Amino acid sequence: MLKTLRNAFKTGDATVKYPFAPLETVPDFRGKPEHDLERCIACAACAVACPPNAIQMATDLKAGTITWSIDYGRCIFCGRCEEACPVEAIRLGDEFELAVMSKADLTEDATYTLERCSECGRYFAPRKQVDYACRVLATLEGNTEADESIEVARVCPECKRRADAVSALAAARAEGGR
Ligand code: SF4
Ligand code: SF4
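- For the chain, an unreviewed UniProt entry supplies the name Formate hydrogenlyase complex iron-sulfur subunit and the organism Berryella intestinalis.

This is how it looks when you write it as structure tokens:
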């Protein structure tokens, strides 16, 4: 008995005072994913990486928008979204008390504008994502054709494919004519 008491005093408190006192979290604690809607470029990398589809993207071609949304009720706090985000727009924070009265309060969303293709005029990608790609291309070391590649970044994949096919055909004809 004495030995048990001695060990208990030596060990100190084995429990915490939560919920009567705030719970201290450890570094790298995986709490509620916090989305920075200003920083986000709507690239969908987090939605692709999210195992339970807690993050989803919905495109509205009529309105020319793309909506990023998260359902915290589905989140398993795995941190894949944080790993996948190229611009650090989502990170798991310290918050873990997510109880709400209504299921709708477990969701958040942000809507972004789509960019039109500079050739055909059709919506093809989130504008912020295209702008981000252009910024990266402009600052890429050794990119001697930055202006040209920025121009190409504003063209949809279909128009790019068509342009590639046309130039390949022209090259083949020129080769055949020699
Ligand atoms: S932490 Fe995991 S489950 Fe939650 S939103 Fe991010 S990727 Fe999805
Ligand atoms: S990966 Fe980052 S930038 Fe891309 S949609 Fe998710 S939060 Fe936004």
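**Points about the layout of surface pockets**
Part 1: Taken as a whole, the largest pocket holds about 150 Å³ of empty space.
Part 2: Lining the largest pocket we find Asp28, Phe29, Arg30, Gly79, Glu82, Arg91, Leu92, Gly93 and Asp94.

**Topic: helix α1 (residues 2–11)**
Part 1: With respect to burial, α1 is a largely exposed element, only zero of its 10 residues being buried.
Part 2: Positioned one or two residues after α1, Gly12 has a phi angle of 80 degrees, which is positive.

**A few points about the site of ligand 2**
Part 1: Neighbouring ligand 2 are 14 residues; Cys40, Ile41, Cys43, Cys46 and Cys85 lie closest to it.
Part 2: Looking at side-chain class alone, the shell around ligand 2 contains 13 nonpolar, one polar and no charged residues.

**Section: empty space enclosed by the protein**
Part 1: A complete count under the given rule lists two cavities of 30 Å³ or more for this structure.
Part 2: Its volume calculated, the largest cavity comes out at about 90 Å³.
Part 3: Lining of the largest cavity is provided by 14 residues; of these, Cys40, Cys43, Cys46, Cys85 and Ala89 occupy positions nearest its centre.
Part 4: Taken together, the residues of the lining of the largest cavity sort by class into 13 nonpolar, one polar and no charged.
Part 5: Of the pockets and cavities examined, the second largest cavity occupies roughly 70 Å³.
Part 6: Every residue lining the second largest cavity is counted, 13 residues in all, and those nearest its centre are Pro33, Cys50, Cys75, Cys78 and Cys81.
Part 7: When grouped by side-chain class, the residues that make up the lining of the second largest cavity number 12 nonpolar, one polar and no charged.

**Some thoughts on the sheet that holds strand β3 (residues 65–71)**
Part 1: Read across the open sheet, the four strands follow the order β2-β3-β5-β6; overall the sheet is antiparallel. Here the strands that pair on one side only, and so sit at the sheet edges, are β2 (55–60) and β6 (123–126). Across the sheet, the axes of successive neighbouring strands diverge by a mean angle of 30 degrees, strand direction being ignored.
Part 2: Here β3 pairs with strand β5 (residues 107–116) via seven bridges, running antiparallel. Its bridge partner lying in β5, Asp71 is registered against Thr107.
Part 3: Contacting β5 and β6, helix α4 (residues 127–139) runs over the sheet at an angle of about 70 degrees to β6.

Definitions and cut-offs
- Each chain carries its own residue numbering, running from 1 in the direction its sequence is written.
- The lettering of chains begins at A and the numbering of ligands begins at 1, in the order of writing.
- Confidence filtering applies because this is a predicted model: local features only for residues at pLDDT of at least 70, side-chain atom pairs given and counted only at 80 or more, and all residues used for totals across whole chains, interfaces and linings.
- Excluding hydrogens and water, the side-chain figures rest on all heavy atoms present in the structure.
- Within this scheme a cavity is a closed region of a 1 Å grid, computed over the protein atoms alone, that accommodates a 1.4 Å probe without allowing it to escape, whereas a pocket is open but has protein on both sides within 12 Å along at least five of seven lines; lining residues each have an atom within 4 Å of a point.
- Grid points are joined across faces, edges and corners, and a volume is the space filled by probe spheres set on the points.
- Type-normalised accessible area, obtained with a 1.4 Å probe on protein chains alone, sets the label of each residue: buried when under 20%, exposed when over 50%, and partly exposed for intermediate values.
- The secondary structure listing takes helices from DSSP runs of H or I that are at least 4 residues long and strands from runs of E that are at least 2 residues long, numbered from the N terminus.
- We call a residue near a molecule or strand when any one of its heavy atoms sits within 4 Å of it.
- Residues are grouped as follows: nonpolar covers Ala, Val, Leu, Ile, Met, Phe, Trp, Tyr, Cys and Pro; charged covers Asp, Glu, Lys and Arg; every other residue, Gly included, is treated as polar.
- Two strands pair if DSSP finds at least two bridges between them.
- Lines fitted to C-alpha atoms define the axes, with helix axes restricted to the stretch in contact, and inter-axis angles between N-to-C directions lie between 0 and 180 degrees.
- Contacts are residue-level and defined by heavy atoms, with any inter-residue pair within 4.5 Å sufficient.

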